[in-house]
Amino acid sequence: MARKPIAVKKLTPMLAKMELERLALNIAKHNKAYHAEDAPIISDAAYDALIKRNADIEAAFPELKQVNSPSDLVGFKPLDKFDKITHSIPMLSLGNAFNKQDVIDFYDRIDRFLGLNGKEIKLTAEPKIDGLSASLRYEKGVLVSGATRGDGQIGEDVTLNFKTISEIPHKLLGDNIPDIVEVRGEVYMSHAEFKALNERQLAADAKIFANPRNAAAGSIRQLDSRITASRNLHFFAYAQGEVSTKSTQGDFEFESQMGMIEQFKQWGFAVNPLMQMFDNAEQLVAHYTKIEELRPTLGYDIDGVVYKVNALDLQTRLGFVSRAPRWAIAHKFPAEKARTIINDIEIQVGRTGALTPVARLEPVSVGGVVVSNATLHNEDEIARKDVRIGDTVIIQRAGDVIPQIVEVVLDKRKADSVAFEFPRFCPECGSKADREINPKTGKEDAIRRCEGGLICKAQVVERLRHFVSRNAYDFDGLGAKQVEQFYNWGIIKNAADIFDIEAGDGDKWDTIRKREGWGDQSVDKLFKAINDRRKIGLDRFIFGLGIRHIGETTARMLARSYENIETFLPAMKAAAIPIGTDGSLINEAYADLVNLDGVGDVVALSLVQFFAEENNVNFIDKLLDAVTTIPLEKADDSSPVAGKVMVFTGSLEIMTRNEAKAKAESLGAKVTGSVSKKTDILVAGPGAGSKLKKAESLGIQVLTEEEWI
Ligand code: IVH
């Protein structure tokens with residue numbers, strides 16, 4: 001006969017504490033049995049009774065509530081979807097080093113940037129955890145939200161799921177707690193948990209995960225936190241996001257990487273025990289070798305070692321290039337290799353018409369991931385390695401990089417094998433595919449391009465896929481697959497048509513509604529997702545056009561420089577008109593464009609070619625009927641150089657030239673390479689020559705380095 005539990009009123013604090021601990025374990029076990037194994041051990045009613053008992057005890061003894069109390073997970077409905085969270089400080093990625101020389105170069109770059117002339121600089125080294133990054137925001141010491149990295153700017157709100165991880169405190173321990181602090185780190189799954197999970201999945205006929213990282217990511221993206229809880233994820237804290245300067249104790253500031261990690265530990269986070277501090281590249285690489293040796297014994301996946309400048313004031317001075325800090329780098333472990341057979345070589349046609357060969361492989365496991373494709377880059381590469389269909393090859397895979405073919409095993413080549421012949425015509429539309437001659441070098445381009453343009457279905461579809469991609473329009477629920485379907489069903493012909501889907505006469509909706517996987521509800525969601533993007537950042541707008549050589553960084557730079565669509569478009573159209581009797585492209589708008597920092601001939605010509613084509617201009621006009629562009633936020637318009645066009649010349653003595661340039665940009669200035677009427681300020685150090693003369697003749701403000709600082 002079941003014993004009746006002691007009435008909550010009669011529990012002593014000690015008994016209550018013991019029972020709460022037991023209940024937490026018990027409920028976790030049942031969650032796992034129910035959600036992960038699909039094999040509940042007790043009835044729903046008995047389960048509910050456990051939950052109620054837990055809640056009653058917590059209500060009577062609130063101070064005893066466990067950090068990972070099951071009551072935080074129950075009584076809640078699984079979410080419909082995750083909300084988005086905009087990171088107050090973007091989450092960046094890291095540059096890579098692959099060998100000792102890369103590490104030495106990294107060290108030297110830092111030295112040069114800071115102008116240290118070989119003075120000692122301390123760096124930390126720690127394992128690079130192969131998981132997914134998380135940003136945890138604490139206000140007054142309480143965890144208020146947790147987000148995934150997402151695209152680095154906007155992530156998903158997975159707070160409830162992060163709360164199921166025992167190494168993530170719900171409340172920071174100890175004192176010295178800033179008003180706001182964002183703790184960043186890596187969520188990962190241990191080898192043991194990964195193995196156990198896949199065994200359970202196999203038994204339940206459910207999805208098998210390729211590696212612990214995918215399993216961790218899949219576990220975090222569960223709408224039902226109880227499933228996440230059953231996966232026993234882990235967390236290492238390793239970086240800061242937003243941190244306020246006030247704390248419970250007065251002023252607050254982290255001073256060093258090491259100090260920050262020590263503080264994380266005191267607040268209750270797990271930190272990696274292999275992190276250490278060193279003085280030079282030699283020592284860093286020695287620690288790398290040591291970690292590489294320990295790798296098989298760690299019990300979790302790592303894919304390299306991260307080096308970081310220890311002093312945070314130096315980190316601030318070093319700043320960022322594009323999306324990676326100058327003060328840190330990931331030294332990656334060598335790629336893993338395997339042997340397999342090439343079943344076929346297919347030619348893919350990209351957004352800009354590039355023909356890219358892809359090797360279809362006999363599937364093989366490389367470092368725990370099943371690989372069935374490898375890139376062959378271009379036709380020269382195929383010729384150089386003499387790669388043929390039917391060959392046995394060695395392939396390698398490093399991190400997220402597409403697997404590559406390292407070499408052909410010639411002993412295994414069949415007698416009747418023939419060299420691969422690269423097609424001279426587009427396999428998708430039959431148009432001619434040529435290799436352009438580079439006007440500068442006179443050499444043939446490595447890439448063969450389909451000249452079909454918009455008559456080539458492959459190019460049109462790739463443009464569409466680009467348009468909906470994460471760094472462009474990023475429609476919720478309208479990804480590469482859906483947009484390709486819409487094209488195939490005849491609902492859209494180009495990206496601007498996406499915005500017409502809703503406005504259509506209803507035929508289009510019916511076409512979609514009737515297809516498998518689409519119902520009334522998903523069509524409604526689709527309309528909303530599309531309408532949500534009728535306002536779009538100018539940078540995303542430019543990137544979304546899919547112009548060759550215009551990646552995210554260049555798009556953002558253009559958006560910043562031209563400020564709004566009303567200046568950008570006319571400027572591009574004007575730059576695209578060839579003037580001068582010799583037909584040269586030199587006109588003022590073009591000169592302004594090439595003069596922007598980060599734009600060279602290649603980027604400028606690509607823009608000009610795009611805007612010279614009527615189809616493209618019509619496309620933009622149509623798109624602008626449907627969307628409004630939003631200018632980028634000003635970097636910092638409180639600074640006296642915000643919005644100013646600046647040039648640096650001569651030798652600088654206090655800051656290096658690069659540092660000065662980076663600083664000016666972070667203060668909202670535009671830095672260009674040469675002096676023109678548009679220049680507002682010239683900073684001239686000793687040895688300044690023609691630029692200084694020109695500035696003086698144009699009456700431009702000239703500052704010394706000290707005045708600038
Ligand atoms: S530091 C500003 N430290 O690597 C850079 N990242 O490739 C902050 N990662 O997105 C990151 N272990 O998810 C840092 N010990 C470590 C890391 C680490 C893994 C991941 C992180 C980041 C990616 C960059």
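Everything quoted here is computed from the prediction, not taken from an experiment.

Things to note about the overall build of the chain
Here comes step 1: In terms of regular secondary structure, the chain is built from 24 helices and 28 strands.
Here comes step 2: Taking 709 residues into account, the globule formula puts the C-alpha radius of gyration at 27 Å, and the chain, at 29 Å, falls close to it.
Here comes step 3: With the C-alpha coordinates aligned to their principal axes, the bounding extent of the chain is approximately 100 × 70 × 65 Å.
Here comes step 4: Evaluated residue by residue, the chain yields a buried proportion of 46% over its 709 residues.
Here comes step 5: Across the chain, the fraction of contacts at a sequence separation of at least 24, relative to all contacts at a separation of at least 6, is 68%.
Here comes step 6: In the structure as shown, the chain presents an accessible area of about 35800 Å², 52% of it carried by carbon and sulfur atoms.
Here comes step 7: In the chain, which carries 92 positive and 102 negative side-chain charges, the distance between the mean positions of the two groups comes to 2 Å.

Overview of the packing of helix α20 (residues 601-612) against helix α21 (residues 614-626)
Here comes step 1: Two numbers describe how α20 lies on α21: the axes approach to 5 Å, and their chain directions differ by 80°. As summarised for this structure, α20 and α21 are arranged roughly perpendicular, according to the angle between their axes. When α20 is examined against α21, the residues F610, F611 and A612 are found in contact with a partner set consisting of E614, N616, V617 and I620.

With respect to a nonpolar patch on the surface
Here comes step 1: Judged by side-chain polarity, I6, M14, L15 and M18 come together as a nonpolar surface patch covering roughly 390 Å² of accessible area.
Here comes step 2: Mapping L15 onto the fold places it in helix α1 (residues 13-36).
Here comes step 3: Classification of L15 as partly exposed rests on a relative accessible area of 35%.

Here we look at the nonpolar core
What tends to happen in soluble globular proteins is that the nonpolar side chains get buried as a cluster.
Here comes step 1: In terms of nonpolar packing, the biggest core is built from 58 residues, with F541, L558 and F611 touching the most fellow members.
Here comes step 2: The next biggest cluster of nonpolar side chains, apart from the first, holds 35 residues, and it includes L132, F194, L233 and F269.

Observations regarding the site of the ligand
Here comes step 1: Neighbouring the ligand are 15 residues, the closest being E126, I129, E186, Y238 and K308.
Here comes step 2: Take S133: an N or O atom from its side chain is 3.3 Å from an oxygen atom of the ligand.
Here comes step 3: A distance of 3.1 Å is found between a nitrogen atom of the ligand and a side-chain nitrogen or oxygen belonging to K308.
Here comes step 4: In the complex, 87% of the free accessible area of the ligand, which totals 530 Å², lies under the protein chains.
Here comes step 5: Every element with two or more residues in the shell around the ligand is listed here: β3 (123-129) and β12 (302-309).
Here comes step 6: Classifying every residue of the shell around the ligand gives eight nonpolar, two polar and five charged.

Observations concerning helix α12 (residues 457-468)
Here comes step 1: Helix length check: α12 (12 residues) gives 17 Å between terminal C-alpha atoms against 16 Å at 1.5 Å per residue, within 8%.
Here comes step 2: All of the buried residues along α12 are A458, Q459, V460, V461, L464, H466, F467 and V468.
Here comes step 3: Considering only its buried residues, α12 is in contact with β16 (336-349), β22 (444-450), α13 (480-488), α16 (538-544) and α21.

Some words on empty space enclosed by the protein
Here comes step 1: A full pass over the atoms with the stated rule returns one cavity of 30 Å³ or more.
Here comes step 2: Of the pockets and cavities examined, the largest cavity occupies roughly 60 Å³.
Here comes step 3: Along the walls of the largest cavity sit E126, P127, I129, F236, A237, Y238, I261, V271, N272 and M275, which together make up its complete lining.
Here comes step 4: When contributions to the lining of the largest cavity are tallied by element, the ones reaching two or more residues are β3 and β8 (234-243).
Here comes step 5: Of the residues contributing to the lining of the largest cavity, the split by class is eight nonpolar, one polar and one charged.

Quick word on the sheet that holds strand β25 (residues 645-649)
The strands that make up a sheet pair up through hydrogen bonds in the backbone, lying either parallel or antiparallel.
Here comes step 1: The four strands are arranged β26-β25-β27-β28 in an open sheet whose pairing can be described as parallel. Edge positions in the open sheet fall to β26 (670-671) and β28 (701-703), since each of these has one partner strand only.
Here comes step 2: Note that β25 and β26 share two bridges and pair parallel. Bridging from a neighbouring strand, V645 pairs with K670 of β26.
Here comes step 3: Seen against the sheet, helix α23 (residues 690-698) touches β25, β27 (681-684) and β28 and runs at an angle of roughly 145° to β27.

A word on the packing of aromatic side chains
Here comes step 1: Scanning the model with the defined rule gives 24 aromatic pairs in all.
Here comes step 2: Aromatic side chains Y473 and F499 sit 6.1 Å apart centroid to centroid with 65° between the ring planes, which places their arrangement in the edge-to-face category. Here the residue Y473 occupies a position in the loop between α12 and α13, and F499 occupies one in the loop between α13 and α14 (507-514), the gap between them amounting to 26 residues.

Observations regarding the side chain of H287
Here comes step 1: In this structure, H287 sits in helix α9 (residues 281-294).
Here comes step 2: In this view, H287 contacts A125, L274, Q276 and F278; residues no more than four positions away in its chain are not counted.

Some words on α9
Here comes step 1: In this model, α9 (14 residues) spans 20 Å end to end at C-alpha, consistent with the 20 Å of a helix rising 1.5 Å per residue.
Here comes step 2: Among the structural elements, α3 (100-114), β3, β11 (276-278), β12 and β15 (328-332) are those in contact with the buried residues of α9.
Here comes step 3: Among the residues of α9, the N-terminal cap falls to N280, whose side-chain oxygen and the backbone nitrogen of E282 are separated by 3.2 Å.

Structural notes on the packing of helix α18 (residues 565-575) against helix α19 (residues 588-595)
Here comes step 1: With their axes 7 Å apart at the nearest point, α18 and α19 run at an angle of 110° to one another. With respect to α19, the axis of α18 lies roughly perpendicular. Of the two elements, α18 crosses α19, and the hand of that crossing is left-handed. Seen from α18, the contacting residues are A571, M572, A574 and A575; seen from α19, they are A589, Y590 and L593.

Procedures and definitions
Residues numbered from 1 in each chain as written. Predicted model: local features only at pLDDT ≥ 70, side-chain atom pairs only at ≥ 80, totals over all residues. Heavy atoms only, no water. Helix = DSSP H or I, 4+ residues; strand = E, 2+ residues; numbered from the N terminus. Rg over C-alpha atoms; globule rule 2.2 N^0.38 Å. Buried < 20%, exposed > 50% of the residue type's maximum accessible area, 1.4 Å probe, protein only. Contact = heavy atoms within 4.5 Å. Areas by Shrake-Rupley, 256 points an atom, 1.4 Å probe, with all protein chains shown as cover. Lys, Arg positive; Asp, Glu negative; His and termini not counted. Charge placed at Lys NZ, Arg CZ, Asp CG, Glu CD. Axes fitted to C-alpha atoms, helices over the stretch in contact; angles between N-to-C directions. Parallel < 35°, antiparallel > 145°, perpendicular 65-115°, else oblique. Patch = residues over 30% accessible without salt bridge, like charges linked within 9 Å, V, L, I, M, F, W, Y side chains within 5 Å. Salt bridge = Lys/Arg side-chain N within 4 Å of Asp/Glu carboxyl O. Core = buried A, V, L, I, M, F, W, Y, C linked by side-chain atoms within 4.5 Å. Near = heavy atom within 4 Å. Polar contact = N/O pair within 3.5 Å; in protein donor to acceptor, adjacent residues only side chain to side chain. Nonpolar A, V, L, I, M, F, W, Y, C, P; charged D, E, K, R; others polar. Expected span 1.5 Å × (residues − 1). 1 Å grid on protein atoms, 1.4 Å probe; cavity = no way out; pocket = protein on both sides within 12 Å on 5 of 7 lines; lining within 4 Å. Points joined across faces, edges and corners; volume = space filled by probe spheres on them. Pairing = 2+ DSSP bridges. Phe/Tyr/Trp six-rings, centres within 6.5 Å; stacked < 30°, edge-to-face > 60°. Left-handed = near helix turned anticlockwise from the far one by under 90°.

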